[in-house]
Amino acid sequence: MKIGTMISPAFVDNVTAKTDIAELAAEFTELIPKGNSLAGPCPLHGGTGATFTVSPDKQVYKCFKGGSGGNAIKLVMNVQKCSFPEAVVFLAKR
């Protein structure tokens, strides 16, 4: 996908605010409650262990196997192997 125009910071903030990272992550892996977070196999590395956690309160994820972490945009970038603008468009369409 080719993105021809700049994406405004306000648009990025709006898309991020409307994205529930727990719902997004559940599209990529099976998550189970673990305290205030959710845990499951990492969608980036596979496996069966709960090496991937999502904090719905903070709207962030963390992979303890590979060390990656971040917000919903970063999750899409890593799972879909796409650029920042492509991840924003993916979330906006979602």
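A quick note: this is a predicted structure, and the numbers were derived from the prediction, not measured.

Draft legend 1. Expanded view of unusual backbone geometry. A positive phi angle is found at glutamine 59, which is not glycine, with a value near 60°. Structurally, the position occupied by glutamine 59 is in the loop between strand 3 (52–55) and strand 4 (60–63). The phi angle at lysine 81 is positive, at roughly 50°, despite the residue not being glycine.

Draft legend 2. Summary view of helix 3 (residues 72–80). Listing the buried residues of helix 3 in full gives Ala72, Ile73, Leu75 and Val76. Looking straight down helix 3, one finds that the buried residues subtend no more than 160° of arc, so they occupy a single side. The secondary structure elements touched by the buried residues of helix 3 are helix 1 (9–18), helix 2 (21–26), strand 3, strand 4 and helix 4 (84–93). Where helix 3 starts, the residue carrying a side-chain oxygen 3.1 Å from the main-chain nitrogen of isoleucine 73 turns out to be asparagine 71. Downstream of helix 3 by one or two residues, lysine 81 has phi in the positive range, about 50°.

Draft legend 3. Up close: the environment of glycine 35. One can find glycine 35 in the loop between strand 1 (32–34) and strand 2 (37–40). On a C-alpha basis, the gap between glycine 35 and proline 56 in space is 11 Å, while along the polypeptide they are 21 residues apart.

Draft legend 4. Here's a closer look at the packing of helix 3 against helix 4. Packing of helix 3 against helix 4 brings their axes to within 9 Å, and their N-to-C directions diverge by 110°. Comparing their axes, helix 4 and helix 3 come out roughly perpendicular. Contacts from Ala72, Ile73, Val76, Met77 and Gln80 of helix 3 reach helix 4 at Phe84, Ala87, Val88, Phe90 and Leu91. Across the contact of helix 3 with helix 4, the residue classes tally to 9 nonpolar, 1 polar and no charged.

Cut-offs used in this document
- Residue indices follow the written sequence of each chain, beginning from 1 at its first position.
- Given that this is a predicted model, residues contribute local features only at a pLDDT of at least 70 and side-chain atom pairs are listed and counted only at 80 or more, while totals for whole chains, interfaces and linings are drawn from all residues.
- Side-chain descriptors were evaluated using all non-hydrogen atoms of the structure, hydrogens and water having been removed beforehand.
- Here a helix means four or more residues in a row that DSSP labels H or I, a strand means two or more in a row labelled E, and each is numbered from the N terminus.
- Residue burial is assigned from relative accessible area. The probe radius is 1.4 Å, only protein chains are included, and a residue is buried under 20% of its type maximum, exposed over 50%, and partly exposed in between.
- For this quantity, the arc is that covered by the directions from the helix axis to the C-beta atoms.
- Note on contacts: a residue pair is in contact if any heavy atoms of the two residues lie within 4.5 Å.
- Polar contact is the term for a pair of N or O atoms within 3.5 Å; when the atoms are in protein, one must be able to donate a hydrogen and the other to accept it, and sequence-neighboring residues count only if both atoms are side-chain atoms.
- Each axis is a line fitted through C-alpha atoms, taken for helices only over the stretch in contact, and angles between the N-to-C directions span 0 to 180 degrees.
- Here the angle decides the label: under 35 degrees means roughly parallel, over 145 means roughly antiparallel, 65 to 115 means roughly perpendicular, and every other value means oblique.
- Amino acid classes used here: Ala, Val, Leu, Ile, Met, Phe, Trp, Tyr, Cys and Pro are nonpolar; Asp, Glu, Lys and Arg are charged; the rest, including Gly, are polar.

Don't take any of this as a statement about function, it's just geometry.
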